[in-house]
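Coordinate inspection notes
Take a look at the letters that make up each chain.
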Amino acid sequence: MKNTIVGLFCFISLFSCAQERKAGSGLNFNPDKYEIQILTYNDKEIRVRAFEKIVYVEKPVDTTYQVLNFYVPEEYYRNKSINGYNAQNAPIFFPNQVGGYMPAEPGSTKLNNFRPPINGGVVKDNNQQRPQGGLEDKKENTILKALSHGYVVASAGARGRTNKNKDGKYYGKAPAGLVDLKAAIRYLKLNDREMPGNADKIISNGTSAGGAMSALLGATGDNPDYLPYLKEIGAAETSDAIYASSDYCPITNLDHADAAYEWQFFGVNDYKKGGLFGPQADTATETLNERQQKVSLELKNTFPAYINSLKLKDEKGNLLTLDNSGNGSFKEFLKAKVIVSANVALKAGTDLSERPFLIIKNGIVTDINWDEYIRYMQRQKTPPAFDALDLSAAENTEFGTESFDAKHFTEYSLKNTTVSNAVIADKQIVKMMNPMNYIGDAHTKTAKYWRIRHGSKDKDTGLAISAILAVRLANQCYHVDYALPWDKHHSGDYDLDELFHWIDQISK
Ligand code: DHB
C-alpha cells in the first residue's frame with residue numbers, strides 16, 4: 001500500500017484500476033475477508049488481521065498449496081505505527097515453508113514454526129534420512145515475531161515434487177514450486193494499493209530447499225523464462241521481482257552441488273546419514289564402498305574447472321581459483337570465513353577448547369586445520385550427494401516430470417546411472433532452478449539485498465555452494481551479507497533478531 005497518489009487523482013486512479021482488474025482478473029484482494037487473531041508474543045498481546053488461504057492464481061491446480069496467508073498488525077488500521085513502520089511503508093516479509101522440495105502449505109501465526117515433516121518426519125531418500133529441516137534452534141514462531149516487529153507478513157504455499165493427481169500425474173515437479181512463489185509475489189504487487197505493506201519492499205526468507213527457493217526468487221525476478229509457467233496457472237501479469245532475499249543454507253546450484261560436496265568431503269569415507277537431532281543420531285557409521293570412493297574422486301576432480309570458470313573475486317579483487325588438486329585462493333577464502341565465524345563465537349564467550357582443529361593465539365583464532373575441520377563436520381551424504389546414480393535423492397524427484405517421478409540432472413550421473421531406463425531432465429528446467437544462471441542477467445531484476453547464512457557445521461550441501469552464490473552476487477555489485485554461523489547445523493531462522501536488524505537497515 002503506497003501513499004503516492006492523493007486526493008481526486010487517487011480516487012480516479014483507484015477507480016480505473018479496479019475497472020481494469022474486473023476485466024479478466026479474479027485476483028483482486030478482498031479487504032473484508034479476514035479474522036482478527038489475538039496472539040501473544042513475549043507476554044504481550046498482539047492483534048492481527050489474518051487474511052488466510054487467499055488463492056493467488058486464477059487457474060489453481062491445488063488450493064491446499066497455491067494459497068497465501070497475509071497478516072497485518074491491527075494497529076496499522078488505526079493509523080498507528082510499530083517500530084517506525086505503518087500501513088504504507090512496512091516491508092512485506094515473505095517466508096516460505098518449503099523443505100525438501102516438498103509441497104508446502106503457507107506459514108501461519110499458529111504453527112509452531114516447523115516446516116511440514118517430509119515423508120512422515122524422516123526423509124526417506126537415499127541421502128537424507130533425518131527429520132526436516134534441522135530446526136532444533138527454532139524456538140518461536142517467525143511470523144509472529146515479524147508481526148510484533150512491525151512487518152506485514154505474507155507466506156505462500158507452493159506445490160512440490162510429490163504432488164500427484166488422481167490420474168497418477170505429478171504436478172509439482174520443477175519449476176512448479178518456484179513458479180507458485182513467484183505467482184504469490186505477483187499477487188502482492190498487483191494488489192499493492194489495496195493491501196497494507198509496501199510491495200516494493202518484499203523480503204523473501206527460506207531455509208534449505210526453501211532457502212534455494214528464496215535465492216531463486218531473489219535472482220530471477222521478472223525473467224521471461226518463467227512466463228509460460230506463470231501463464232499456465234493464471235498468475236497476475238505484473239512483476240515478480242523482490243527487494244531482498246534471505247537464504248538459510250540454500251540447497252541450490254544443484255547441477256554443481258555433487259562436485260562441491262566431494263571437493264569438501266573427498267577422503268572422508270565414513271559417514272553418518274542425517275544430523276545429530278533426529279532418530280539418525282543413533283545410526284551406525286557406514287563407510288563408502290570402492291565404487292563410491294571412485295565417484296567421489298571423479299566428482300571432486302571436476303570442481304576446480306567449475307570454480308575457475310566463474311572468475312569469482314574476493315573483496316580485494318583477487319581471483320578465487322583452485323588448482324587441480326583442489327587447493328587455492330577459493331579454499332583460502334572459505335577458510336577465512338570459517339575463521340571469522342569461530343572468532344565471532346569466541347568473542348561471544350563460546351568455549352572452543354574442544355575444537356582442536358582451530359589454532360587459537362592470544363584469544364584469537366588465527367588458523368584452522370581444514371582437513372580436521374571437515375572430518376569434525378562429518379560426511380552426511382554418499383556420492384553423488386544430489387544426483388544419485390540410482391535416482392533415489394530428493395533432487396532426482398524434483399527434476400521429474402508429469403509422468404516420470406525421477407530424473408538425472410547432471411551428465412555425470414546420467415553416464416554412470418544404475419537405472420536401466422534413466423533419463424536426464426530438460427536443460428532449460430535445470431537452468432531455471434539454478435540462481436547462478438540469472439544473477440545480473442539483462443532480462444532479470446535480481447534483488448538488490450541479500451543475506452545468506454550457512455552453518456559452519458551444516459553438511460547437507462558443501463560450504464562452497466552458498467559461498468559461490470554470495471561472491472557472484474557481490475561481484476555483480478549486489479549488497480550481500482554472508483556468514484557461516486558457528487557450529488550451526490542445517491537450520492534456519494535461528495538469529496531472527498539479527499535478520500530483522502538487517503531488514504530494518506535496508507528498509508528504512
Ligand atoms: C533439504 C535438505 C537436503 O539435504 C536436501 O538435499 C534437500 C532439501 C531441506 O531440508 O529442505
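Structural data are supplied above this passage.
I will try to describe carefully the structure that is included in this document. As a convention, each chain's residues are numbered from 1 in the sequence order in which they are written. For a predicted model such as this one, the threshold for reporting local features is a pLDDT of at least 70, and the threshold for listing and counting side-chain atom pairs is 80 or more; totals across whole chains, interfaces and linings nevertheless cover every residue. Calculated side-chain values reflect all of the structure's heavy atoms, with hydrogen atoms and water omitted.

1. Quick word on the pattern of salt bridges
Rules: Here, a salt bridge means any Lys or Arg side-chain nitrogen found within 4 Å of an Asp or Glu carboxyl oxygen. In this text, helices come from DSSP runs of H or I with a minimum length of four residues, and strands from runs of E with a minimum of two, each type numbered from the N-terminal end. Partly exposed describes any residue whose relative accessible area lies between the buried limit of under 20% and the exposed limit of over 50%, with all areas from a 1.4 Å probe on protein chains only and scaled to the type maximum.
Throughout the structure, instances matching the rule amount to 20 salt bridges. A salt bridge links Asp240 to Arg186; the nearest nitrogen and oxygen atoms lie 2.8 Å apart. On the criterion of sequence distance, the pair formed by Asp240 in the loop between helix 5 (227-232) and strand 7 (244-248) and Arg186 in helix 3 (residues 176-190) is long-range, its members being 54 residues apart. Assigned by exposure class, Asp240 and Arg186 land together as buried. One salt bridge in this structure joins Arg379 and Glu262, with 2.7 Å as the shortest N-O distance. Linking Arg379 in the loop between helix 9 (370-377) and helix 10 (394-398) with Glu262 in helix 6 (residues 254-265), this pair joins segments that are 117 residues apart in sequence. One network of salt bridges, in which partners are shared, links Glu140, Lys145 and Asp497.

2. Digging into helix 7 (residues 290-310)
An α-helical segment advances 3.6 residues per turn. Residues three or four places apart therefore align on the same side. The line we're drawing: For a helix, the expected span equals 1.5 Å multiplied by the number of residues minus one. Residues are treated as being in contact if the distance between any of their heavy atoms lies within 4.5 Å. What qualifies as a polar contact is a pair of N or O atoms within 3.5 Å, subject to a donor-acceptor requirement within protein and to the restriction that residues adjacent in sequence count only when both atoms come from side chains.
The terminal C-alpha atoms of helix 7 lie 32 Å apart, and with 21 residues this matches the ideal 30 Å at 1.5 Å per residue to within 8%. Within helix 7, burial applies to Gln292, Val295, Ser296, Leu299, Lys300, Phe303, Pro304, Tyr306, Ile307 and Leu310. Contacts from the buried residues of helix 7 go to helix 6, strand 9 (286-287), helix 8 (329-347), helix 11 (411-415) and helix 13 (463-475). Sitting at the amino-terminal end of helix 7 is Asn289, which places a side-chain oxygen 3.2 Å from the backbone nitrogen of Arg291. Backbone geometry just after helix 7 places Lys311 at a positive phi near 50°.

3. Points about the pairing of strand 6 (residues 198-207)
Keep this limit in mind: Pairing between strands requires that DSSP locate at least two bridges from one strand to the other.
The element strand 6 is largely enclosed, with a buried count of nine among its 10 residues. In this sheet, strand 6 lies alongside strand 4 (residues 91-95) in parallel orientation, the contact comprising five bridges. Among the inter-strand pairings, Phe93 is bridged to a residue of strand 6, identified as Ile203.

4. Digging into the packing of helix 6 against helix 13
Using the following cut-off: Here, axes are lines fitted to C-alpha atoms. For helices the fit covers the stretch in contact, and angles between N-to-C directions go from 0 to 180 degrees. Reported orientations rely on four angle classes, namely roughly parallel under 35 degrees, roughly antiparallel over 145, roughly perpendicular from 65 to 115, and oblique for the rest. Residue polarity is assigned by list, with Asp, Glu, Lys and Arg as charged and Ala, Val, Leu, Ile, Met, Phe, Trp, Tyr, Cys and Pro as nonpolar; anything else, Gly included, falls into the polar class.
Their axes nearest at 8 Å, the elements helix 6 and helix 13 cross at an angle of 120°. Relative to helix 13, the element helix 6 is oriented oblique. From helix 6, His256, Ala257, Ala260, Trp263 and Gln264 reach across to helix 13, where they touch Leu463, Ala464 and Ile465. Partitioning the contact of helix 6 with helix 13 into residue classes produces six nonpolar, two polar and no charged.

5. A few points about the sheet that holds strand 6
Neighbouring strands of a sheet are bound in pairs by backbone hydrogen bonds; such pairs are parallel or else antiparallel. Ordered by their spatial adjacency, nine strands build an open sheet running 1-2-3-5-4-6-7-12-13, and the pairing between neighbours is mixed. The outermost strands of the open sheet, each flanked by one partner alone, are strand 1 (35-41) and strand 13 (479-483). Each strand axis lies, on average, 20° off the axis of its neighbour in the sheet, ignoring direction.

6. Some details on the packing of helix 8 against helix 13
Between helix 8 and helix 13, whose axes approach to 11 Å, the crossing angle comes to 95°. When the axes of helix 8 and helix 13 are compared, the pair comes out roughly perpendicular. Along the contact surface, helix 8 presents Phe330, Phe333 and Leu334, while helix 13 presents Leu463, Ala464, Ala467, Ile468 and Val471. Classifying every residue of the contact of helix 8 with helix 13 by side-chain character gives eight nonpolar, no polar and no charged.

7. A few points about the packing of aromatic side chains
What counts, and what does not: Within 6.5 Å between ring centres, the rings of Phe, Tyr and Trp (the latter by its six-membered ring) count as paired, and their orientation is classed by plane angle as stacked under 30 degrees, edge-to-face over 60, tilted in between. Either the NZ atom of lysine or the CZ atom of arginine qualifies as a charge over a ring when it sits within 6 Å of the ring centre and within 35 degrees of the ring normal.
Using the criterion set out here, one finds 22 aromatic pairs in the structure. Aromatic pair Tyr151 and Phe500: ring centres 5.1 Å apart, planes at 85°, arrangement edge-to-face. Remark: Phe500 occurs in helix 14 (residues 496-507) and Tyr151 occurs in the loop between helix 2 (142-148) and strand 5 (152-156); sequence separation between them is 349 residues. You can call Tyr151 buried: its relative accessible area is 0%. Ring centres 6.4 Å apart and planes at 85° place the aromatic pair Tyr261 and Phe386 in the edge-to-face group. Taken together, the residues span a long stretch of sequence, with Tyr261 in helix 6 and Phe386 in the loop between helix 9 and helix 10 at a distance of 125 residues. For Tyr261, a relative accessible area of 0% translates into the label buried. Each residue in the set Trp263, Phe303, Tyr306, Phe330, Phe357, Trp370, Tyr373 and Tyr376 is aromatic and connected to the rest through ring pairs, giving one cluster. When the ring centre of Tyr376 is taken as origin, the NZ or CZ atom of Lys457, which lies over that ring, is 4.6 Å away. Here the basic side chain of Lys488 rests over the ring of Tyr494, its NZ or CZ set 5.0 Å away from the ring centre.

8. Description of helix 3
When the terminal C-alpha atoms of helix 3 are compared, their 21 Å separation across 15 residues agrees well with the 21 Å that a helix rising 1.5 Å per residue should span. Burial analysis of helix 3 places 15 of its 15 residues in the buried class, the great majority of the element.

9. Here's the deal with the environment of Lys347
Along the chain, Lys347 turns up in helix 8. Under the relative-accessibility criterion, Lys347 is labelled exposed at 80%. A sequence separation of 269 residues divides Lys347 from Arg78, and the C-alpha atoms of the two residues are 44 Å apart.

10. Quick notes on the pairing of strand 3 (residues 67-73)
For strand 3, a buried count of seven out of seven residues is recorded, marking the element as mostly surrounded by other parts of the structure. By the alternation rule, side chains of strand 3 split into Val67, Asn69, Tyr71 and Pro73 and Leu68, Phe70 and Val72, which are all buried. Pairing of strand 2 (residues 44-55) with strand 3, which is carried by six bridges, proceeds in the antiparallel orientation. Across the sheet, the residue bridging to Val55 is Val67, located in strand 3. Pairing geometry for strand 3 and strand 5, over four bridges, is antiparallel. The residue of strand 5 that forms the bridge with Asn69 is Ser155.

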